[in-house]
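As a plain string of letters, each chain reads:
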Amino acid sequence: MNKIFKASAIALVFAGVLLAIGAVFIVTETQQVVVTQFGMPIGDSVTQAGLHFKTPFIQKTQYFDKRLLEWDGDPNQIPTIDKKYIWVDATARWTIEDALKFLQSVGNERGA
């Protein structure tokens with residue numbers, strides 16, 4: 001009886017720890033988070049740094065960067081009107097201001 005009680009108590013504590021780990025997420029100063037439930041966003045994006053809570057196993061978190069993001073395109077030759085070729089190198093710098101709108105319109109940073 002005593003061994004069964006100890007084993008069940010250990011299993012219950014282990015399940016409680018797993019449940020607590022799944023219910024907590026941390027947002028740093030350089031991140032913003034959108035919480036989704038079954039693929040649909042729940043509420044506004046979380047931009048405040050700190051410890052936040054969600055429903056474990058049902059809600060998922062998607063992290064986005066608040067910092068300045070860079071994209072560097074491949075250099076390419078482009079013809080001009082007088083049929084001469086020039087080298088053009090394209091770059092872009094951008095930030096994600098509204099993570100919820102970004103998630104709904106683009107999906108992820110690679111898709112942007």
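Structural notes, computed from the coordinates. From a predicted model like this one, the values you see are computed outputs, not experimental measurements. (Residues numbered from 1 in each chain as written. Predicted model: local features only at pLDDT ≥ 70, side-chain atom pairs only at ≥ 80, totals over all residues. Heavy atoms only, no water.)

**Observations concerning the nonpolar core**
What counts is decided by this rule: As used in this record, nonpolar core signifies buried Ala, Val, Leu, Ile, Met, Phe, Trp, Tyr and Cys residues forming a set joined through side-chain atoms within 4.5 Å. A simple rule labels every residue: compare its accessible area, found with a 1.4 Å probe on the protein chains alone, to the largest value its type can have, and call it buried under 20%, exposed over 50%, or partly exposed in between. For the purposes of this entry, the term helix denotes a DSSP run of H or I that reaches at least four residues, the term strand denotes a run of E that reaches at least two, and both are numbered from the N terminus.
Judged by nonpolar contacts, V34, F64, L69, I96, A99, L100, F102 and L103 together constitute the single largest core of eight residues. Among the elements that make up this core, the one with the highest residue count is helix α2 (residues 99-105) (four residues). Ranked by size, the runner-up nonpolar core spans five residues in total, among them F25, V27, V35 and V46.

**Thoughts on the pattern of salt bridges**
Put simply, the test is: Salt bridge, as applied in this entry: a Lys or Arg side-chain nitrogen positioned within 4 Å of an Asp or Glu carboxyl oxygen.
Tallied over the full model, the rule gives two salt bridges. For D65, the salt bridge identified is with R67, shortest N-O distance 3.1 Å. E70 serves as the salt-bridge partner of R93, at 3.4 Å between the closest nitrogen and oxygen. Residue R93 is located in strand β9 (residues 91-94), and its partner E70 is located in strand β6 (residues 69-72); the two are separated by 23 residues in the primary sequence.

**Structural notes on the sheet that holds strand β2 (residues 31-37)**
Inclusion rule: When DSSP finds two or more bridges between a pair of strands, those strands are recorded as paired.
Taken in spatial order, the three strands line up as β3-β2-β5 in an open sheet, and their pairing is antiparallel. Each edge of the open sheet carries a strand with a single partner, namely β3 (40-41) and β5 (59-65). As paired strands, β2 and β3 are joined by two bridges and run antiparallel to one another. Looking at β3, one finds that Q37 is bridged to M40.

**Here's the deal with unusual backbone geometry**
The backbone of F38 shows a phi angle near 55°, a positive value even though the residue is not glycine. Positive phi is not limited to glycine here, since F57 has a value of about 70°. Mapping F57 onto the fold places it in the loop between β4 (50-53) and β5.

**Digging into the environment of Q104**
Along the chain, Q104 turns up in helix α2. Here Q104 falls in the exposed class, since its relative accessible area comes to 57%.

**Here we look at the packing of aromatic side chains**
Defined as follows: Ring geometry is summarised as follows: Phe, Tyr and Trp rings, the Trp one being its six-membered ring, pair when their centres sit within 6.5 Å, and such pairs are stacked at plane angles under 30 degrees, edge-to-face over 60 and tilted between the two.
Within the structure shown, the criterion is met by two aromatic pairs. On the basis of an interplanar angle of 80° and a centroid distance of 5.5 Å, the ring pair of F64 and F102 is categorised as edge-to-face. Separated by 38 residues along the polypeptide, F64 in strand β5 and F102 in helix α2 bring together distant segments of the chain. For F102, a relative accessible area of 11% puts it in the buried group. In this structure an aromatic cluster arises from ring pairing among F64, W94 and F102.

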